[in-house]
Amino acid sequence: MDPPPLSGEDGSGPGSKRTLKRYLVKALHRLQKGPGYTYRELLVWYCDNTNTHGPKRIIREGPKKKFTWFILTLLFASLVVWQWGILINAYLSYNVTASLAIGFKSMTFPAVSICSASPFKYSLVKNRLKDLDRLIHVALERLLSPGPQNGTEAPPANASQKLNMKLWRQIPLVLIAESPGGDPVVTDLLGDGSGPLPTNCPAIAAEEPTCKLAIKLCRQNGTECEYRNFTSAVQAVSEWYVLQSTSILSRMSMREKMSAGYQAKDIILACLYGAQPCNVRTPPRLYHPDHGNCYIFNWGMEEKPLLSSNPGAEFGLKLILDINQTDYLPFLTSTAGARLMLHDQKSFPFLKDEGIFAMAGTETSIGVMVDELQRLEYPYNDCTVNGSDIGIENLYENYWALQKEMKSCGNCTLEEAAERSAAKSQLRTTYSIQACLRSCFQQQMVDTCHCGHSTFPLPEGDKYCNNKDYPDWAHCYSTLRGSLTHRQFCIESCKETCNNTQYKMTISMADWPSEASEDWIFRILSYERNKSETITLNKSGIIKLNIYFQEYNYRTILEAATTTMVWLLSNLGGQFGFWMGGSVLCLIEFGEIIIDFLWITILNLIGWCKGLRQRRGKAPPTAPPTVAQRVEAHTNRAFREDEAAARYLQAETACEPGTPPPNYDSLRVSTLGMGELDSDGEASLSDHKMA
């Protein structure tokens, strides 16, 4: 059995405390004493003991060589500092080099988003837009009718139907008549709903129109207005209809919007990936604010992404679609076709920015090549990994999860669905710069106009804009959209992703089906959809898509830092060793002498301050007592000198022992006779002269 440790053996006894105390006392004395030498002695010691070449020659050689070596040492030290500055500046510039690598392996097939060009079926939203459609029909009749210069008047606006003039006056269309010598004349296109066009403004169909069609946007109850001019009446009518329909359709709930769009069974007729059929009834559905219901294949939200091991059309995705353009919104959608986009898994598809159209009546083949870009993070690039360092809320992150919760929970409110969707992180979409820019604009829209635009996801607790609740929203939206300041703020706030996958597409098209085969193809597809022998399809609505990898390889563009810390240290050491013959130990020696210099300076400053404080606290000097005062104090007991002299005399007597002055009788004053005085005075005077 081991004996118990003695006190202090474990480092916690009184012995260890005494040792620590002695060490601290010695350290304090060492700090108080300082280095113990002057600046000159320190420099001489450094030059004599350093391992750097040059300083030793300065103190060991003769006067001429000392001067020569001093100049050389100073010159080469300056060169080292200059080269170090260049190297450090190159390192802090954070330059990168790009390298290209080509790989061959099984690749993840991209996600494919497919939408119809029309966000809604016209037959399902026609009742909501009936007042707006009446207004636009009458407005077009008045624009295209002959003017009064032909001897006829334009038909009255309310000749055959009642118009909703309140809806018209919220965002009216106006005619601006321009004359070379006068001010422009602004006239409401419908006015009070009756009457001809102004006499100075012929119809748009005239050979030389003198009027321009514009949209009148007002705020503050119509007291402040501006006009948006267009070079063509087609653009003006389309933009006006978009603004008015946005206000009307924004009052629809998410469920109503999804129900009014194209369903999967309506738009997707056949689907095949490689040699395996895919389920055309239950692909992930996403309500897109711009294109309505979109269907995404291989999105990776609820299933594993599909892999592709071979290039070519036989191993890709093949789809047959029916866009049914006869049910398009006539004034909202003027383009017929399918909108599609290739993107990464779990990323939100921004088809309006990055999508392409597939034309009806064609077979469109899309060959895909993959480029992977891997950027370095800050400080080499101003990019973000997942958007967590961006100060703007990503409104698209939970957008699809919210729609899925609203579909599954039945009668739950929007707030309840938002709370339930926020807890499902696996259903969130990833960050992208398009999501950041659009979220930034929507946030500015809410802050400036106090409502959100219906083509963007809505922040929690806010509402979409409409003419009834927010009558100034159109003017505010138009101003904000044209503001360069707000746009620049969003551009500076958002960042690109550091890792990005780009899909480069090679597109080719051909008529499909051919005239010889369209009969049997349409007959089979119609029967498979409706179980009817009647052909319900036609070439104006059918589309065939082939999406595949064009080559069995992928390219990766990698960024690497041009200058690293290893590069910097190697070059710094190389320059120092080449010009001065030094090493890291020489730098430590130089750092040591700098510390000693600073310590000597600090001690000198402390001593100077301490002496200055003592001189200020010392009493001012007083005049010492005179000889007469000292004699009088010794012989006359009743004499009282001033207190200052007494203190001085007392201090002097206490510090330096002395003897009293001699008791000379000649110093005393006495009364003498006149004769005696003269005799003594003469005798004294004569004696003095003789002496």
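Throughout this document, residue positions are counted from 1 along each chain, in the order its sequence is written. Local features in a predicted model are, by the rule used here, given only for residues with pLDDT of at least 70; side-chain atom pairs are given and counted only at 80 or more, and totals for whole chains, interfaces and linings are based on all residues. With hydrogens and water set aside, each side-chain value is computed from the structure's full complement of heavy atoms.

- Naming follows an unreviewed UniProt entry, where the chain appears as Amiloride-sensitive sodium channel subunit beta of Gekko japonicus.
- What UniProt states about the chain under its Catalytic activity (unreviewed entry) heading is, verbatim, "Na(+)(in) = Na(+)(out)".
- UniProt positions are given in the numbering used here, feature names are shortened, and annotations may be inferred rather than shown by experiment. According to the UniProt record, the Sequence similarities (unreviewed entry) comment for the chain is "Belongs to the amiloride-sensitive sodium channel (TC 1.A.6) family. SCNN1B subfamily."

### Section: the pairing of strand β6 (residues 211-219)
Alright, step 1. When strand β4 (residues 173-177) meets β6, the two strands line up antiparallel, connected through five bridges. From the neighbouring strand, L175 faces β6, where its bridge partner is L213.
Alright, step 2. Relative to strand β7 (residues 224-229), β6 runs antiparallel, the two sharing six bridges. Looking at β7, one finds that L217 is bridged to E226. Two strands pair if DSSP finds at least two bridges between them. The helix count covers DSSP runs of H or I at least four residues long, the strand count covers runs of E at least two residues long, and both are numbered beginning at the N terminus.

### Brief notes about helix α15 (residues 473-481)
Alright, step 1. Throughout this description, buried means an accessible area under 20% of the type-specific maximum (1.4 Å probe, protein chains only), exposed means over 50%, and partly exposed covers the range between. Counting buried residues in α15 gives seven out of nine residues, a clear majority hidden from the surface.
Alright, step 2. In what follows, residue pairs with any heavy atoms lying within 4.5 Å of each other are defined as contacts. Where α15 is buried, its residues contact β6, β7, α8 (233-249), α14 (433-449) and α16 (484-493).

### Focus: the sheet that holds β4
Alright, step 1. Pairing within the open sheet is antiparallel, and its four strands lie in the order β5-β4-β6-β7. Each end of this open sheet is capped by a strand with a single partner; those strands are β5 (185-188) and β7. When the angles between neighbouring strand axes are averaged without regard to direction, this sheet yields 40°.
Alright, step 2. Across four bridges, β4 lies against β5 in antiparallel orientation. Across the sheet, the residue bridging to I176 is V186, located in β5. All axes here are fitted lines through C-alpha atoms, helices being fitted over the stretch that makes contact, and every angle between N-to-C directions spans 0 to 180 degrees.

### Observations regarding the pattern of salt bridges
Alright, step 1. Salt-bridge detection follows one rule: a side-chain nitrogen of Lys or Arg within 4 Å of a carboxyl oxygen of Asp or Glu. Enumeration over the complete set of coordinates arrives at 15 salt bridges.
Alright, step 2. The partner of R219 in a salt bridge is E224, and the shortest N-O contact between them spans 2.8 Å.
Alright, step 3. Measuring nitrogen to oxygen at the nearest pair gives 3.8 Å for the salt bridge that ties D519 to R523. Taken together, the residues span about one helical turn, with D519 and R523 both in helix α17 (residues 518-530) at a distance of four residues.

### A short note on the nonpolar core
Alright, step 1. Only buried residues count toward a nonpolar core. Its members are Ala, Val, Leu, Ile, Met, Phe, Trp, Tyr and Cys residues joined through side-chain atoms within 4.5 Å. Formed by 65 residues in total, the largest nonpolar core has its most connected members in L129, W168, L189, L213, W240 and W473.
Alright, step 2. Element by element, the count of residues in this core is highest for α8, at seven residues.
Alright, step 3. Judged by nonpolar contacts, the second largest core, of 33 residues, contains V112, L342, A360 and V370.

### Focus on the state of the cysteines
Alright, step 1. Disulfides are defined as pairs of cysteine sulfur atoms found within 2.5 Å of each other. By the definition in use, this model includes eight disulfides.
Alright, step 2. Between C115 and C294 runs a disulfide, and the two sulfur atoms are separated by 1.8 Å. In this structure the cystine formed by C115 and C294 twists about its S-S bond by roughly 115°; its chirality is therefore right-handed. Here C115 is found in strand β3 (residues 111-116), whereas its partner C294 is found in strand β11 (residues 292-297), with 179 residues between them in sequence. Of the two residues, C115 and C294, neither departs from the other in class, the shared state being buried.
Alright, step 3. Two residues share a disulfide in this structure: C436 and C494, whose sulfurs sit 2.0 Å from each other. For the disulfide bridge between C436 and C494, the dihedral angle about the S-S bond is near -85°, and by the sign convention the bridge is left-handed. Linking C436 in helix α14 with C494 in the loop between α16 and β18 (496-497), this pair joins segments that are 58 residues apart in sequence.

### Considerations on the UniProt feature "transmembrane region" (unreviewed entry) in the chain
Alright, step 1. What UniProt calls "transmembrane region" (unreviewed entry) maps, in this numbering, to residues 67-92 and 576-606.
Alright, step 2. Helix and strand shares over residues 67-92 are 100% and 0% respectively, and the end C-alpha atoms of the span are 38 Å apart.
Alright, step 3. Helix makes up 90% of residues 576-606 and strand makes up 0%, while its end C-alpha atoms are separated by 37 Å.

### Concerning the sheet that holds strand β15 (residues 356-358)
Alright, step 1. Spatially, β10-β11-β3-β14-β15 is the arrangement adopted by the five strands of the open sheet, whose pairing is antiparallel. The open sheet is flanked by β10 (285-288) and β15, the only strands paired with a single partner. Going across the sheet, the axis of each strand differs from the next one's by a mean of 30°, ignoring polarity.
Alright, step 2. Summarising the sheet, β3 and strand β14 (residues 338-343) pair through six bridges and their orientation is antiparallel. Paired with C115 across the strands is R339, a residue of β14.

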